[in-house]
Amino acid sequence: MKSVFYIKDSIENRISYYHLLFFLFALPFDRFYSTILLISYLIHSVIFFRKNKWKHISPDIFILQSVFFVTIVSAIYAPSLSDSLNVIMKQLAIFIFPVLFSMGSLNLTKYRDRLLTGMSLCCTLTILYLYGYAIYVMQVNKLPLKELFSWAFVNHNFSMPIDMHATYLSMLLVLSIVHCVRKFLNEVSKRTRGYYMTGICIQFAGLIQLSSKSALIALFLVLVFGFPGLLIRKKARYRAVFVSLIVFVALIAGILSLPVFRERYMDTLKDDLFGNKTVLETNGRFDRWTTAGILIKKTPFIGTGAGSEVPLLRDLYFERKMYVSYLDSLNAHNQYLSFMINSGMIGLVVYLASLAWGFWRSVKERDLMLLTFIVLISVISISEDVLMVNKGIYFYAFFFAFLVRSERGSEAGEFQSLQPRPEFNVLYY
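Below is a summary of the structure that appears in this document. (Residues numbered from 1 in each chain as written. Predicted model: local features only at pLDDT ≥ 70, side-chain atom pairs only at ≥ 80, totals over all residues. Heavy atoms only, no water.)

A separate point is the overall build of the protein. A count of helices and strands for the protein gives 21 helices and zero strands. Expressed as a percentage of the 429 residues in the protein, the buried residues total 53%. The long-range share in the protein, meaning contacts at least 24 apart out of those at least 6 apart in sequence, stands at 75%. Surface summary for the protein: the accessible area is close to 19900 Å², and the carbon and sulfur share equals 67%. (Helix = DSSP H or I, 4+ residues; strand = E, 2+ residues; numbered from the N terminus. Buried < 20%, exposed > 50% of the residue type's maximum accessible area, 1.4 Å probe, protein only. Contact = heavy atoms within 4.5 Å. Areas by Shrake-Rupley, 256 points an atom, 1.4 Å probe, with all protein chains shown as cover.)

If you check which residues of helix 17 (residues 309-319) are buried, you get E309, L313, L316 and Y317. Along the axis of helix 17, the buried positions cluster into a sector of 105 degrees, meaning they face one direction only. Where the residues of helix 17 are buried, they touch helix 16 (285-298), helix 18 (323-327) and helix 19 (335-364). One or two positions beyond helix 17, positive phi appears at K321, with a value near 60 degrees. (Arc of directions from axis to C-beta.)

This brings us to a nonpolar patch on the surface. A cluster of nonpolar side chains, F62, F69, I72, V73, I76, Y77, F95, F301, I302, M345, I346 and V349, forms an exposed patch at the surface whose accessible area comes to about 1100 Å². Breaking the nonpolar patch down by element, the ones donating at least two residues are helix 5 (66-74) and helix 19. Within the fold, I76 resides in the loop between helix 5 and helix 6 (81-90). (Patch = residues over 30% accessible without salt bridge, like charges linked within 9 Å, V, L, I, M, F, W, Y side chains within 5 Å. Salt bridge = Lys/Arg side-chain N within 4 Å of Asp/Glu carboxyl O.)

A separate point is the packing of helix 10 (residues 166-186) against helix 11 (residues 190-210). Taken N-terminus to C-terminus, the directions of helix 10 and helix 11 make an angle of 155 degrees; their axes are 9 Å apart at the nearest point. The angle between the axes of helix 10 and helix 11 places the two elements in the roughly antiparallel class. In the crossing of helix 10 with helix 11, the sense of the turn from one axis to the other is left-handed. Of helix 11, the residues touching helix 10 (which contributes A166, L169, S170, L173, V174, S176, I177, C180, V181, K183, F184 and L185) are R193, Y196, M197, I200, Q203, F204, G206, L207 and L210. Residue classes in the contact of helix 10 with helix 11 are distributed as 15 nonpolar, four polar and two charged. (Axes fitted to C-alpha atoms, helices over the stretch in contact; angles between N-to-C directions. Parallel < 35°, antiparallel > 145°, perpendicular 65-115°, else oblique. Left-handed = near helix turned anticlockwise from the far one by under 90°. Nonpolar A, V, L, I, M, F, W, Y, C, P; charged D, E, K, R; others polar.)

What follows is the structure, encoded as structure tokens:
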């Protein structure tokens with residue numbers, strides 16, 4: 001872990017490195033810390049700006065920023081200037097991070113592993129803290145240990161102590177788990193492999209406790225299909241798919257053997273999609289998606305303007321007597337529909353094209369981490385408005401730009417290719 005906290009480099013690069021490291025440490029917590037670190041990193045980059053850094057700007061930067069430009073354009077015809085400016089300010093990180101990574105002198109490829117390991121360390125410690133807090137609460141209230149696997153400590157109730165949405169914390173855990181698996185397979189030292197395996201077990205336990213169905217599906221797709229698909233040897237590829245599938249099926253069977261997780265992952269799926277009309281009528285995602293479809297039909301090509309989603313949906317919620325959704329000012333809970341509402345078919349096509357480009361690039365470079373990010377964002381976008389929430393925006397803006405700019409074949413031309421370890425010869429970086 002010493003390599004994570006200490007690097008030998010210039011003063012400028014060390015400051016940049018620690019800004020990124022602490023930003024990753026801050027991601028599981030209140031957005032205030034992430035915002036302060038981003039502002040500080042921006043000021044640092046301006047202070048050390050040099051004209052020759054313009055040469056590192058490549059066309060890829062505009063793809064990374066494309067959804068932000070869509071928001072800018074759709075703000076022109078938005079019904080509310082204040083709402084559109086609010087969205088623009090939230091998504092400003094999508095514009096900033098690609099610029100900072102392209103013009104900075106820090107060798108992102110060289111330090112990619114260290115930064116991701118730092119993120120994994122933070123995720124592990126965060127989950128340990130949450131479990132420790134849960135056990136402390138049970139001791140204070142004199143509850144049996146088995147209550148840890150009850151509704152009182154599952155999903156949002158588990159992440160409540162750090163005021164973090166369960167799905168967005170789960171997204172970090174999925175990235176961290178995949179990084180630890182990759183490092184575990186490519187490590188020679190038994191001691192280091194033990195560290196990574198411990199981290200995998202703790203983070204996976206936290207992922208199950210958080211009970212984000214979409215995050216677990218994304219992890220399943222990456223480890224069972226994406227990971228073997230990037231293996232070098234074809235014979236190992238099919239064997240890895242089979243082994244991964246068996247392991248995942250066994251884990252899921254174990255998880256569903258506990259009543260609370262069986263109820264969370266299976267029984268509540270219907271309520272999540274279609275709502276619950278037993279005691280108090282609550283509307284599920286399907287009802288909100290149907291309502292969103294009414295807005296989309298009005299202006300399918302250009303949408304209704306940036307920031308218009310929630311205000312216009314609230315009006316329809318009230319008309320359709322969806323009072324819980326109205327009072328909570330709920331969005332569509334689907335990023336694809338969100339683009340259709342705010343910027344129409346044009347915005348959706350841009351978003352899908354950027355994800356398709358990221359997927360193509362991850363396969364081309366055999367980049368497991370970038371592939372994980374693309375799969376994760378694509379799956380989560382079905383159930384969440386990722387780019388309408390600060391934590392989702394930071395996650396998208398930072399990791400998309402960081403993983404692309406730190407690839408082996410970076411356009412800056414100053415990074416050397418990273419070869420797989422000959423001891424395992426499993427996968428490329």
